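Results of the structural survey
Residues per chain are reported as follows:
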Amino acid sequence: MSGDRAVALAHRHLEEIGRCGGRLVVPEDAEWPGEKLASLSEGDRRDRGSGEPLALWVRGPHCLSEFLSKAVAVTGARAASPYGVQVASEFGSDLAANGVTVVAGGAYGIDEAAHRGALTSDGRTVAVLPCGVDLAYPAGNSVLLGRISREGLLISEYPPGVVPARHRFLARNRIVAACSDGLVVVEAGRRSGTSYTARIAAALGRVVMAVPGPITSATSVGCLELMRDGRAIPVGSTADVMKTLQSRTDGGSDSQTVSASQTVPPEATS
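Counting restarts for each chain, with residues numbered from 1 along the sequence as it is written. Restriction of local features to residues with pLDDT of at least 70 applies here, the model being predicted, together with a cutoff of 80 or more for giving and counting side-chain atom pairs; totals for whole chains, interfaces and linings are based on all residues. Side-chain descriptors were evaluated using all non-hydrogen atoms of the structure, hydrogens and water having been removed beforehand.

In terms of helices and strands, the protein chain carries 10 helices and 9 strands. Accessible area is worked out with a 1.4 Å probe on protein chains only. A residue is then buried under 20% of its type maximum, exposed over 50%, and partly exposed in between. The buried share of the protein chain, taken over its 270 residues, is 56%. Surface accessibility in these figures is a Shrake-Rupley result with a 1.4 Å probe; residues are shielded only by whichever protein chains are displayed. About 11300 Å² of surface is accessible on the protein chain, with carbon and sulfur atoms providing 52% of the total. Numbering of helices and strands runs from the N terminus, with a helix taken as a DSSP run of H or I at least four residues long and a strand as a DSSP run of E at least two residues long.

As structure tokens, this is what we get:
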């Protein structure tokens, strides 16, 4: 792409983000969450996805760095069980009520339940999208994402108009992990994008937690394996999450990490 064409494209993207009430946030801006995102560029990049984003496209009336100063990611299966939806909603609501920003990917299932829970408490939530923030993806969550754009924040490293693609889901998941102080996996399959997010979170030094589920449920397999292998701390309430995060802050030894050698197939996009 020629220089003139690249400049014209950049101007077009800025006009498009302005029309939908958004903005471009770069590392030089005061609201850039540098302390969180810098961890994506430290050490072996293979353990941290695609590295630190060059910029973030943001929709919402709040300061990004302030919103992420105290944040927990809640994620899990798209094909969530009623149990998982209830737990994710309660965690989202209780975390938000405790002044914690709930970060998720805006997807069906566990993600949307966590977002909705946070909003019911008039709390903070951030949806990290695998596409431009001017697009509603998935389309079935358009009303939810619209509300988050007004009351919370939508963020993406992709400019307006960029549609979802397979590799963009996993790239999105690394930002979900980086934006948080800890990650709570509510439900997950054995091999999934959620497992990838847990691996990245651990590599970034975030504490990984998992919610126990019925041994008869396929959506509990991923959580049970994370706990069985010592790669996640079991939590059963928001109090457990807050205590675990506080222990990490105080230098406690009960945090556990996910092996960086764990692999996830490229087709995993949840």
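A separate point is the pairing of strand β3 (residues 71-75). The element β3 is largely enclosed, with a buried count of 5 among its 5 residues. Because side chains alternate across β3, one face comprises the buried residues Ala-71, Ala-73 and Thr-75, and the other comprises Val-72 and Val-74, equally buried. Bridge analysis of β3 against strand β4 (residues 101-104) gives 3 bridges, and the strand direction is parallel. In the strand pairing of β4, Val-72 is matched with Val-102. Note on the crossover from β3 through helix α4 (residues 82-97) to β4: the handedness is right-handed. Only when DSSP finds a minimum of two bridges between them are two strands counted as paired. Two strands pair when backbone bridges link them, and β3 and strand β7 (residues 182-185) are joined in this way by 4 bridges, in the parallel orientation. Bridged to Val-72 within β7 is Gly-182. Seen with its strands pointing away from the viewer, a crossover is right-handed when the path leading from the first strand over the helix to the second is clockwise.

The next subject is the sheet that holds strand β6 (residues 153-156). Taken together, the 9 strands give an open sheet; going across it, the order is β1-β2-β6-β5-β4-β3-β7-β8-β9, and neighbouring strands pair in mixed fashion. Of all the strands in the sheet, just β1 (22-25) and β9 (233-234) have a single pairing partner and so form its edges. Contacts between residues were defined by any pair of non-hydrogen atoms, one from each residue, lying within 4.5 Å. Geometry is summarised by axes, namely lines fitted to C-alpha atoms with helices restricted to the contacting stretch, and by angles between N-to-C directions that run from 0 to 180 degrees. In this fold helix α6 (residues 142-151) packs onto β2 (56-59), β5 (125-128) and β6, with an angle of close to 100 degrees to the strand it touches most, β6. Packing of helix α10 (residues 238-249) onto the sheet brings it into contact with β3, β7, β8 (207-210) and β9, and relative to β8 it is tilted by some 160 degrees.

So, on to the side chain of His-115. Within the fold, His-115 resides in helix α5 (residues 110-120). On the basis of relative accessibility, which here comes to 0%, the residue His-115 falls in the buried class. Side chain to side chain, His-115 and Thr-125 meet in a polar contact 2.8 Å long. Sequence-distant contacts of His-115, that is, excluding residues within four places in its chain, are made with Ala-104, Gly-105, Gly-106, Thr-125, Val-126, Ala-127, Leu-144 and Ile-148. Pairs of N or O atoms are called polar contacts if they sit within 3.5 Å, as long as, within protein, a hydrogen donor faces a hydrogen acceptor (for residues adjacent in sequence, only side-chain-to-side-chain pairs).

A cis amide bond, omega 0 degrees, links Tyr-137 with the succeeding residue Pro-138. Turning to its location among the elements, Pro-138 is positioned in the loop between β5 and α6. Phi angles above zero are rare outside glycine, and Asp-122 is one such case at about 55 degrees. Tracing the backbone through its elements, the reader meets Asp-122 in the loop between α5 and β5.

What follows deals with the confidence of the model for the protein chain. One confidence number per residue, pLDDT, is output by the predictor and ranges from 0 to 100. For the protein chain, mean pLDDT is 90; residues scoring 70 or higher make up 89% of the total. Predicted confidence for residues 253-270 stays below pLDDT 50, and this span has 49 contacts to residues more than four positions away or in other chains.

Our focus in this paragraph is the pattern of salt bridges. By convention in these notes, a salt bridge is any Lys or Arg side-chain nitrogen within 4 Å of a carboxyl oxygen on Asp or Glu. One pass over the full model with this rule turns up 10 salt bridges. Asp-229 is paired through a salt bridge with Arg-231; the nearest N and O atoms lie 2.9 Å apart. A relative accessible area of 40% means that Asp-229 is categorised as partly exposed. One network of salt bridges, in which partners are shared, links Arg-228, Asp-229 and Arg-231.

Let us look at the packing of aromatic side chains. Two rings from Phe, Tyr or Trp (for Trp, the six-membered ring) form a pair when their centres sit within 6.5 Å of each other. Planes less than 30 degrees apart are called stacked, planes more than 60 degrees apart edge-to-face, and all others tilted. Scanning all chains against the criterion turns up 1 aromatic pair. Against the face of Tyr-158 rests Arg-168, its NZ or CZ located 5.2 Å from the ring centre. Lysine and arginine charges are scored as sitting over a ring when NZ or CZ, respectively, is within 6 Å of the ring centre and within 35 degrees of the ring normal.

Another aspect to go through is α4. In this model, α4 (16 residues) spans 22 Å end to end at C-alpha, consistent with the 22 Å of a helix rising 1.5 Å per residue. By the burial criterion, the buried members of α4 are Gly-84, Val-87, Ala-88, Phe-91, Gly-92, Ser-93, Leu-95 and Ala-96. The elements touched by buried residues of α4 are β3, β4, α5, β7 and α10. Of the residues flanking the end of α4, it is Gly-99, one or two places downstream, whose phi is positive at about 80 degrees. How far a helix is expected to stretch is found by multiplying one less than its residue total by 1.5 Å.

The next subject is helix α9 (residues 221-228). Within the span of α9, buried status applies to Gly-222, Cys-223, Glu-225, Leu-226 and Met-227. Check the buried side of α9 and you find it contacts β7, α8 (193-203), β8 and β9. Of the residues flanking the end of α9, it is Gly-230, one or two places downstream, whose phi is positive at about 70 degrees.

As used here, the term nonpolar core means buried Ala, Val, Leu, Ile, Met, Phe, Trp, Tyr and Cys residues forming a set that is joined through side-chain atoms within 4.5 Å. One finds Val-103, Val-126 and Ile-155 to be the most contacted residues of the largest nonpolar core, which totals 37 residues. In this structure, Val-72, Val-87, Ala-118 and Val-184 belong to the second largest nonpolar core, which totals 22 residues.

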